[in-house]
Amino acid sequence: EIIGFVSYDARERTVHVTQLEGDADSFDRLLEEPLGFANAEGMAVELLAPDDESAVHDAARAAGFEEVGSGPRFEGKRTIRFRLE
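Residues numbered from 1 in each chain as written. Predicted model: local features only at pLDDT ≥ 70, side-chain atom pairs only at ≥ 80, totals over all residues. Heavy atoms only, no water.

(A) Focus on the nonpolar core. Grouped together as the largest cluster of nonpolar side chains are 17 residues, with contacts concentrated most on Leu20, Phe27, Val45, Leu47, Val56, Phe65 and Phe82. The set of elements that each furnish at least two residues to this core consists of strand 2 (14-22), helix 1 (27-41), strand 3 (44-50), helix 2 (54-62) and strand 5 (77-84). At 4 residues, helix 1 tops the list of elements feeding residues into this core. Each residue touching Val45, except ones within four places of it in the same chain, is listed here: Thr14, Val15, Val17, Pro34, Leu35, Ala38, Phe65, Phe82, Arg83 and Leu84. (Core = buried A, V, L, I, M, F, W, Y, C linked by side-chain atoms within 4.5 Å. Buried < 20%, exposed > 50% of the residue type's maximum accessible area, 1.4 Å probe, protein only. Helix = DSSP H or I, 4+ residues; strand = E, 2+ residues; numbered from the N terminus. Contact = heavy atoms within 4.5 Å.)

Okay, here's the thing in C-alpha cells:
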C-alpha cells in the first residue's frame, strides 16, 4: 500500500524537496531519504510547502527545518520556504 511519496533534486549544494504528498503520519518517514542524502553529501535542504498545508509545515519543523520566508507561487497558491542547514 502506497501511503505517500517524496521527490527531490540536488543542485548547487542544496537538496530541493519538490513534492511531499500523503498521509501526515508518513511525512517524517518520507523526509528521511532526502535528509539522509543531504547529510551524506554535506548539503543543505530546502522544502517549499503550500501556505495552506499545515501538516507539511509541522513535519518540516519536526525534522529541524526553519521557516525562512515566502516561496514562489504555484498555480496561484502561496508557498512557504523551509531550510535545514
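Structure's up, so let's keep going.
(B) Seen up close, unusual backbone geometry. Positioned with a positive phi, Glu12 is a non-glycine residue whose angle comes to about 50°. Turning to its location among the elements, Glu12 is positioned in the loop between strand 1 (4-11) and strand 2. According to the relative accessible area criterion, Glu12 is exposed, its value standing at 75%. Even without a glycine there, the phi angle at Glu75 is positive, about 50°. Along the chain, the position of Glu75 falls in the loop between strand 4 (66-74) and strand 5. Owing to a relative accessible area of 82%, Glu75 belongs among the exposed residues under this scheme.

(C) Focus on the sheet that holds strand 5. Ordered in space as 1-2-3-5-4, the 5 strands form an open sheet in which the pairing is mixed. Two strands bound the open sheet, and with one partner strand each, they are strand 1 and strand 4. The sheet shows a mean angle of 25° between the axes of neighbouring strands, direction not considered. Across the sheet, helix 1 lies against strand 1, strand 2, strand 3 and strand 5, angled at about 165° from strand 2, the strand it touches most. (Pairing = 2+ DSSP bridges. Axes fitted to C-alpha atoms, helices over the stretch in contact; angles between N-to-C directions.)

(D) Looking closely at the side chain of His57. With respect to the secondary-structure elements, His57 resides in helix 2. Apart from the residues lying within four places of it in its own chain, the contact partners of His57 are Ala49, Pro50, Asp51, Ile80 and Phe82.

(E) Representation of helix 1 in the model. The terminal C-alpha atoms of helix 1 lie 22 Å apart, and with 15 residues this matches the ideal 21 Å at 1.5 Å per residue to within 8%. Remark: the principal bend of helix 1, roughly 30°, maps to Glu33, with a proline, Pro34, within the next four residues. If you check which residues of helix 1 are buried, you get Phe27, Leu30, Leu31, Pro34 and Ala38. Buried positions along helix 1 lie against strand 1, strand 2, strand 3 and helix 2. (Expected span 1.5 Å × (residues − 1). Bend = angle between axes of the 7 residues up to and from the residue.)

These results come straight from atomic positions and should not be treated as a statement about function.
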